[in-house]
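# Secondary and tertiary structure notes
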Amino acid sequence: MNNDTIFALSSGFGKSGVAVIRISGDNLQEFFCTISGRKNPEARTAYFCNLRDNNGDLIDQCIVIYFAAPASFTGTDIIEIHTHGAPAVINKTFEFLSAHNMRMATPGEFSRRAFMNGKMDLADIDGLAALLDAQTEHQRQFALKSMLGGDSEIYATWRNQMVEIAAYAAAVLDYDENDLPSNIDKKILAQTRELHSEIKTTLSRYNVSRAIAHGFNIVLCGETNVGKSSLFNKLVGSNRAIVSDIAGTTRDVISAQIDIDGYLVNLSDTAGIRDTSDKIENMGIDRTKLEIDSADLVLHIFADDLPHPGTNDDSAPLGRGTASDRDAVAGVIVINKSDEIKTRNNKNAIYTSAKNDTGIDELLSAIRKKMHSILDGAENNLVINARTYKLLADTEHELNSALATFDGNYDIFAEHVRRAADNIGKILGTITATDVMDATFSQLCLGK
Ligand SMILES: Nc1nc2c(ncn2[C@@H]2O[C@H](COP(=O)(O)OP(=O)(O)OP(=O)(O)O)[C@@H](O)[C@H]2O)c(=O)[nH]1
Ligand SMILES: [Mg+2]
């Protein structure tokens, strides 16, 4: 780690009431005395000051705070300058700091320092990145738990158990049976099996983690002209998609993000499915199929009351679904244009009329019910991203190999368990690999 003095805008970009610029470095106390205009300023105390450039010209009236190492976010000295949020003030302050031999931080550099100084491990930083992205209540809860070390605790417990198992396995080779705890081989086996199954379960919840972190994907699909775009507009609450009586109106995927009960939802309207020779429309239909493949919930829209085989609720045949133990994606059957239909033959269906605004609340309730059944309780899951998923999958693989060699070959068994422990170490950053660290810090923005 370098010990350059670095700075960055920690508050959001654009015009705002107040901007917070943070500086991290060694021995910043003297610089703080200069800008605050005080001889013996206290740490963690807000001082009002006239921030002046090197010519003595006023930059802005500010609040400045000094955090002395190691009691700061990064573990280094930190100065916070709270200026007015005007881009011109921020730029002028940056110029001033650069003139004092400081440089702009790279994205994630503050967090990298926090990691290097033992303030946070990599799992905490994944949580921080997720928190900074949080738009909804559930995302906030999910990320906060991880940032505050909830996930690290679980990883650390797993890792300790693996290290212990590997040590006992090695001891079985080196020591006399009588010097070891009784039935040690059986205990090692049982513990390894348990760890393996816990990690497998965690991996299987990846899609749920993803759905909370990046949004629960709901797709409206069906034949042309059944009213998909009309329903989409109702659910979104604005006329986002073009509606017309010409079949094949929607040719591309139209997406909107909405918040349902604190969950982020990515709702997509798609091109109606039909046989057509129109090249562009066919490209749209291909996109519809891709959307269905990545859907967590599919709304099958119809405009008639005939039986619709293959769409019976959870047995809908398309998509991968969120729960890994489910072959097919969750689905809701919607019969739209119910104002034109006299019958109500389908017990599993929700009858709507986008035209008369009926059944929309029932449709929303059905969506809520499905979402809650899939996502509720998931705040307790580990925050898994692509990086941690890969390392967890490698851990699972090593434990699987260990179990396969358990019969007698303690040497190889111990080696696999040790490798499994190393993978968990990489998740936490106790074992550092440059590529792993780069992936973690690059997800953070400037000023974090
Ligand atoms: N009577 C009636 N007409 C509706 C209803 N919903 C939509 N429509 C009409 O049906 C036609 C098609 O609606 P869209 O929402 O464009 O249908 P779509 O499924 O998106 O069609 P494509 O984009 O072509 O696949 C329009 O003329 C709508 O006004 C409804 O509930 N009742
Ligand atoms: Mg449409």
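Computed from a predicted model, the values in this text were never measured in an experiment. (Residues numbered from 1 in each chain as written. Chains lettered and ligands numbered in written order. Predicted model: local features only at pLDDT ≥ 70, side-chain atom pairs only at ≥ 80, totals over all residues. Heavy atoms only, no water.)

### What to know about the sheet that holds strand β4 (residues 58-67)
Quick reminder of the rule: Each pair of strands is called paired provided DSSP finds at least two bridges between the two strands. The way it works is that DSSP assigns letters per residue, a run of H or I at least four long becomes a helix, a run of E at least two long becomes a strand, and they are numbered from the N terminus.
Reading across the sheet, the 6 strands line up as β3-β4-β5-β2-β1-β6 and stay open at both edges, with mixed pairing between neighbours. Pairing within the sheet leaves two strands with one partner each, and these edge strands are β3 (47-52) and β6 (103-104). One ladder, built from 4 bridges, connects strand β1 (residues 6-9) with strand β2 (residues 16-25); its direction is antiparallel. Across the sheet, L9 pairs through a bridge with I21, a residue of β2.

### Things to note about the pairing of β4
Defined as follows: Exposure categories follow from relative accessible area, calculated using a 1.4 Å probe and restricted to protein chains: below 20% of the type maximum is buried, above 50% is exposed, and the middle band is partly exposed.
Burial analysis of β4 places 7 of its 10 residues in the buried class, which makes it a mostly covered element. Examined bridge by bridge, β3 and β4 share 6 bridges and lie antiparallel to one another. Following the sheet pairing, Y47 is matched in β4 by V64. If you look at the hairpin formed by β3 and β4, you'll find 5 residues sitting between the two strands, and G56 has a positive phi there, around 90°. Pairing between β4 and strand β5 (residues 77-85): 5 bridges, direction antiparallel. Pairing of I63 across the sheet is with H82, part of β5.

### Observations concerning the coordination of the magnesium ion (ligand 2)
Expected angles at a metal are 109.5 degrees for tetrahedral coordination by four donors and either 90 or 180 degrees for octahedral coordination by six donors. For clarity, the threshold we go by: Note that water is not among the atoms used; donors are N, O and S atoms within 2.8 Å of the metal (3.2 Å for Na, K and Ca), so sites may look incomplete.
The protein atoms donating to the magnesium ion (ligand 2) are S229 (OG) and T250 (OG1), with metal-donor distances spanning 2.0 Å. Highlighted residues: S229 in helix α9 (residues 228-236) and T250 in the loop between α9 and β8 (254-260), separated in sequence by 21 residues. As far as the burial class goes, S229 and T250 line up, both buried.

### Looking at the sheet that holds strand β12 (residues 350-351)
Spelled out, the test is: We call two residues contacting when some pair of their heavy atoms lies within 4.5 Å. For helices, the axis comes from a line fit to the C-alpha atoms of the stretch in contact; other axes are also lines fit to C-alpha atoms, and the angle between any two N-to-C directions lies between 0 and 180 degrees.
One open sheet accounts for 6 strands, arranged β8-β9-β7-β10-β11-β12; its pairing is mixed. Pairing within the sheet leaves two strands with one partner each, and these edge strands are β8 and β12. As defined by bridge partners, strand β10 (residues 297-302) adjoins strand β11 (residues 330-335) across 6 bridges and the pair is classed as parallel. The residue bridging L297 from the neighbouring strand is A330, located in β11. In this fold α9 packs onto β7 (216-222), β8, β9 (263-269), β10 and β11, with an angle of close to 155° to the strand it touches most, β9.

### Looking at the pairing of β5
Burial runs high along β5: 7 of the 9 residues are buried. Sheet analysis places β2 next to β5, joined by 9 bridges and oriented antiparallel. Its bridge partner lying in β5, S16 is registered against G85.

### Quick notes on the domain arrangement of the protein chain
Stated precisely, the cut-off is as follows: Residue ranges for the domains originate in an automatic or database domain assignment. Summed over both partners, buried area is the accessible surface (1.4 Å probe) that two parts give up on being assembled. A side-chain nitrogen of Lys or Arg and a carboxyl oxygen of Asp or Glu constitute a salt bridge if their distance falls within 4 Å. Residue type decides the class: Asp, Glu, Lys and Arg count as charged, Ala, Val, Leu, Ile, Met, Phe, Trp, Tyr, Cys and Pro as nonpolar, and the leftover types, Gly among them, as polar.
On domain assignment, one finds that the protein chain holds domain 1 (6-105), domain 2 (125-205 + 383-442) and domain 3 (214-379). Each partner contributes to the interface: domain 2 provides 9 residues, whereas domain 3 provides 10 residues. Both faces considered, domain 2 and domain 3 share a buried interface measuring about 780 Å² in area, 50% of it formed by carbon and sulfur atoms. Counting across the interface, domain 2 meets domain 3 through 0 salt bridges. A total of 6 residues in the side of domain 2 that touches domain 3 trace back to one element, the largest contributor, which is helix α5 (residues 137-147). Its residues assigned to classes, the side of domain 2 that touches domain 3 comprises 1 nonpolar, 6 polar and 2 charged.

### Observations regarding the site of ligand 1
The line we're drawing: Residues are labelled near a given molecule or strand when at least one of their non-hydrogen atoms is within 4 Å of it. Side-chain atoms alone can form a polar contact between residues adjacent in sequence; in general such a contact is a pair of N or O atoms within 3.5 Å, and within protein one must be able to donate a hydrogen while the other accepts it. Every accessible area reported is derived by Shrake-Rupley at a probe size of 1.4 Å, with residue values counting cover from the shown protein chains alone.
Near ligand 1 lie 23 residues; those nearest to it are K228, S230, G248, T250 and D339. Here V226 contributes a backbone N or O atom positioned 3.2 Å from an oxygen atom of ligand 1. Here K355 contributes a backbone N or O atom positioned 3.2 Å from an oxygen atom of ligand 1. Out of a free accessible area of 650 Å², ligand 1 has 89% covered by protein chains. Grouping the amino acids of the shell around ligand 1 by side-chain chemistry returns 5 nonpolar, 12 polar and 6 charged.

### Notes on the packing of helix α7 (residues 184-204) against helix α12 (residues 386-404)
Put simply, the test is: In what follows, roughly perpendicular refers to angles from 65 to 115 degrees, roughly parallel to angles under 35, roughly antiparallel to angles over 145, and oblique to any angle outside these ranges. Take the far helix as the reference: if the near one is turned anticlockwise from it by less than a right angle, the crossing is left-handed, and if turned clockwise, right-handed.
Axis separation between α7 and α12 bottoms out at 9 Å; the angle between their running directions is 150°. It follows from the interaxial angle that α7 and α12 lie roughly antiparallel. Both α7 and α12 take part in a crossing whose hand is left-handed. Between α7, through L189, T192, R193, L195, H196, I199, K200, T202 and L203, and α12, the contact on the second element is made entirely by Y389, L392, A393, T395, E396, L399, N400 and L403. Looking at the contact of α7 with α12 residue by residue, the classes come out as 9 nonpolar, 5 polar and 3 charged.

### Structural notes on helix α10 (residues 279-293)
Heads up, the rule is: Multiplying 1.5 Å by the helix residue count minus one yields the expected span of that helix.
If you check α10, its first and last C-alpha atoms are 22 Å apart, about what 15 residues at 1.5 Å a residue would give, namely 21 Å. On its buried side, α10 packs onto β7 and β10. One side-chain oxygen at the N-terminal end of α10 lies 2.9 Å from the backbone nitrogen of I280; it belongs to D278.

### Here we look at unusual backbone geometry
Among all residues except glycine, the phi angle is most often negative; among peptide bonds, the trans geometry is most common. For the bond from A69 to P70, the omega torsion is 0°, close enough to zero to count as cis. Counting through the fold element by element, P70 comes out in the loop between β4 and β5. Positive phi, normally seen in glycine, also occurs at K337, with a value near 60°. In this structure, K337 sits in the loop between β11 and β12.

### Some thoughts on the nonpolar core
For the record, the criterion: Residue types Ala, Val, Leu, Ile, Met, Phe, Trp, Tyr and Cys, when buried and joined through side-chain atoms within 4.5 Å, form a set referred to as a nonpolar core.
Counting 36 residues, the largest nonpolar core has F216, I218, L299, I367, M371 and L375 as its most contacted members. When contributions to this core are tallied by element, the ones reaching two or more residues are α8 (206-214), β7, α9, β8, β9, β10, β11 and α11 (360-375). Those residues in contact with L299 that lie beyond four places of it in its chain are I218, V219, L220, C221, L235, V332 and I367. Counting residues in hydrophobic clusters, the runner-up holds 31 residues, among them I165, I184, I188 and V417.

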